[in-house]
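Each chain, written out:
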Amino acid sequence: MEKEAIVKKLLSLGVMATPDVIDRIEKSGLDAYLGNISKGSCMVVQEGSGTDDAISCRVGQVSAKAEMTPDDFVQAIADKFKRIRDLLLRKMDAVSISNMSRISSKLSVVGMVKEKTGQGFVLEDGTGEVEVKSATPVRLDDVIGVRGWIRDGKLFGEEIVYPDIPVNRPIHSMKGKLLLVGNAAGAKGGADVVVSPYAASDGSGAEKSLPNPAWITLEKGDNSMTVVVYKPERLAVKNDALGWLAKRYIGTDGVPVPGGDRVLETIPDILWIVSENEPWSGNYKGVTLISFGQRNQALIDLNTRKIDIR
């Protein structure tokens, strides 16, 4: 594909790419890059030059308005619901809320939690809403599936289903090291890629600025890994992060805000939560979790996922 055709195709998807990226796409083909493009988002794709022996990084940057209008919020919430609903529909067969009354057997629905009630919550899906009787705690704006029975116009929920991280999926790795630094000025050497809360750099030496959340793709030969960097507004404990992965949505506040893409359609290999708490790390269904702030840095072996917090 010629450069002009590549540029036109990317622009039609709301994507602007640097000349280096265009050159690489011309050589290797466009299909490998389309999977990193989020429909409806305006993105700037950058990457380092690197060789097959080096690790290069690409950063997907989402252009966001400084302020959101009421219409922007409505559209963002609808987009979040649709994308997470589609993840849930891979796990369960569901009917719309408007069609529930026609079914006398056990059924499943997918919706967003609109409000809480004394004995459960109200679920809505764009076709209607229903009161769910359930003792399982949920948060407002969670997108969930509910399995149960309809009686007297209410859904008696027997099971609450989250999109969650599938267990039977490939676990990605590559030879090399990633250095996460809370303060870039104090970064130590010995890493192929260095990432701070605000920038990422590989062997090319060029820094790529990071949105929040930031989606970073590491590439080496035929191998690739995804790193997500997120700066929450408050301290984040490990249980918070586990909940985000189960819901496939980053952040405690479920209402979309100006910034990067928070829906985890792509499952990250590494999730760094930049928070001024005591450093912690863990693993959830193949996702490496780590959290610390400005005072620390962590060297991660991308082949073994071993973490050395300094």
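Keep in mind that this is a model prediction, so the values were computed, not measured.

Caption draft 1: Spotlight on the overall build of the protein. Of the regular secondary structure elements, the protein holds five helices and 19 strands. Taken over 310 residues, the protein has a buried fraction of 46%. Sequence separation of at least 24 residues holds for 55% of the intrachain contacts in the protein that already meet a minimum separation of 6. As displayed, the protein offers around 15,500 Å² of accessible surface, 49% of which is attributable to carbon and sulfur atoms.

Caption draft 2: The sheet that holds strand β11 (residues 199–201), seen in detail. Pairing within the open sheet is mixed, and its six strands lie in the order β12-β11-β10-β9-β18-β19. Edge positions in the open sheet fall to β12 (207–209) and β19 (307–309), since each of these has one partner strand only. Each strand of the sheet is rotated relative to its neighbour by a mean of 15°, with strand direction disregarded. As paired strands, strand β10 (residues 193–195) and β11 are joined by two bridges and run antiparallel to one another. Considered in β11, the bridge of V195 is made with A200.

Caption draft 3: Region of the structure containing the pattern of salt bridges. For the structure shown, the criterion picks out 16 salt bridges. Between K114 and E129 there is a salt bridge; the shortest N-O distance is 2.7 Å. Taken together, the residues K114 in strand β4 (residues 107–117) and E129 in strand β6 (residues 129–133) connect sequence positions 15 residues apart. The exposure class of K114 is partly exposed, given its relative accessible area of 39%.

Caption draft 4: Quick peek at the nonpolar core. In this structure, L178, V195, I216 and L218 are the most contacted members of the largest nonpolar core, which totals 24 residues. Listing elements by their share of this core, those giving two or more residues are β3 (56–62), β9 (177–181), β10, β13 (214–220), β14 (223–230), β15 (270–274), β17 (287–292) and β18 (297–301). Residue contacts for L218: discarding those within four places in its chain leaves I55, S56, C57, M174, V193, N223, S224, M225, V227 and L302. Among the nonpolar cores identified, the runner-up in size contains 18 residues, and I165, A236, W244 and I273 belong to it.

The rules behind the values
Residues numbered from 1 in each chain as written. Predicted model: local features only at pLDDT ≥ 70, side-chain atom pairs only at ≥ 80, totals over all residues. Heavy atoms only, no water. Helix = DSSP H or I, 4+ residues; strand = E, 2+ residues; numbered from the N terminus. Buried < 20%, exposed > 50% of the residue type's maximum accessible area, 1.4 Å probe, protein only. Contact = heavy atoms within 4.5 Å. Areas by Shrake-Rupley, 256 points an atom, 1.4 Å probe, with all protein chains shown as cover. Pairing = 2+ DSSP bridges. Axes fitted to C-alpha atoms, helices over the stretch in contact; angles between N-to-C directions. Salt bridge = Lys/Arg side-chain N within 4 Å of Asp/Glu carboxyl O. Core = buried A, V, L, I, M, F, W, Y, C linked by side-chain atoms within 4.5 Å.

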